[in-house]
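Residue-level listing of the chains:
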Amino acid sequence: ATVPSYESCSTVAFKHGRTETVRPATNETKAFTEAFFRANSGKCTLQRLLTRCSEKHKQLIKNAGSGQGCDRHLYAMKQLALANEARGGPAVPELFRNELYDKVHHFTISTSTV
């Protein structure tokens, strides 16, 4: 199984930019890891899968760094919903109260180069 992983990505190019979440546990990473631990995986196969992992990771970093990530947007929306509810406004949407939402925001591995 692939564990939930967090990697920060700088968004300093934006006014008040800080970080965005990159989720490096991808299908490409899983495929490479499984092949790596199979005894019969050849060098060419591993090289091809590792290249796919790297390309996917570069795309995730590019998306996050250019403001195309979703984690910070969802965090802000949840905080606004909680504040509105505390002031007597509508209830926090089900999305933010769902157990799965909490699970996908609990990271087993966290790394940072920022």
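Residues numbered from 1 in each chain as written. Predicted model: local features only at pLDDT ≥ 70, side-chain atom pairs only at ≥ 80, totals over all residues. Heavy atoms only, no water.

1. Remarks on the side chain of Glu20
For clarity, the cut-off: Numbering goes from the N terminus for both helices and strands, where a helix is a DSSP run of H or I of at least four residues and a strand is a run of E of at least two. N or O atoms closer than or at 3.5 Å make up a polar contact, with two conditions inside protein: a donor-capable atom paired with an acceptor-capable one, and, for residues adjacent in sequence, both atoms drawn from side chains. Contacts are assigned to residue pairs that have any heavy atoms within 4.5 Å of one another.
Mapped onto the elements, Glu20 comes out in strand S2 (residues 19–22). Of the polar contacts made by the side chain of Glu20, one reaches the backbone nitrogen of Arg72; its length is 3.3 Å. When neighbours within four sequence positions are excluded, Glu20 is seen to be in contact with Glu7, Ser8, Cys9, Thr11, Ala64, Gly69, Cys70, Asp71 and Arg72.

2. As for the state of the cysteines
Short version of the rule: Here, the term disulfide refers to a pair of cysteine sulfur atoms separated by no more than 2.5 Å.
Here the structure, examined in full by the defined rule, presents zero disulfides. Free cysteine: Cys53, not disulfide-bonded; nearest cysteine sulfur from Cys44 at 16 Å. Its sulfur unpaired, Cys70 is 13 Å from the next cysteine sulfur, which belongs to Cys9.

3. Side note on the side chain of Lys78
Selection rule: In this scheme, a residue with accessible area under 20% of its type's maximum is buried, one over 50% is exposed, and one in between is partly exposed, where area comes from a 1.4 Å probe on protein chains only. The convention is simple: Lys and Arg are positive, Asp and Glu are negative, and His and the chain ends are not counted. Between Lys or Arg on one side and Asp or Glu on the other, a salt bridge is scored when a side-chain nitrogen of the former is within 4 Å of a carboxyl oxygen of the latter.
Position of Lys78 relative to the elements: it lies in helix H3 (residues 71–86). Notably, Lys78 is buried but unbridged: the nearest opposite-charge side chain belongs to Asp102, and the N-O separation is 4.0 Å. Here Lys78 is in contact with Phe96, Tyr101 and Asp102, once residues within four sequence places are set aside.

4. Some details on unusual backbone geometry
What you tend to see is this: most non-glycine residues have negative phi, and most peptide bonds are trans. A positive phi angle, close to 65°, is found at His16, a residue other than glycine. Among the structural elements, His16 can be located in the loop between strand S1 (5–10) and S2. Overall, His16 belongs to the exposed group, its relative accessible area being 70%.

5. Re the sheet that holds S2
Test applied: At least two bridges found by DSSP between two strands are what make those strands a pair. Convention adopted: a line fitted to C-alpha atoms gives each axis, helices being fitted over their contacting stretch, and angles between N-to-C directions are expressed from 0 to 180 degrees.
Read from one edge to the other, the open sheet built from three strands follows the order S2-S1-S3, with strand pairing classed as mixed. A strand with exactly one partner marks an edge of an open sheet, and here the two such strands are S2 and strand S3 (109–111). Strand-to-strand twist in this sheet, taken as the mean axis angle between neighbours without regard to direction, amounts to 25°. As defined by bridge partners, S1 adjoins S3 across three bridges and the pair is classed as parallel. By the bridge assignment for S3, Tyr6 is matched with Ser110.

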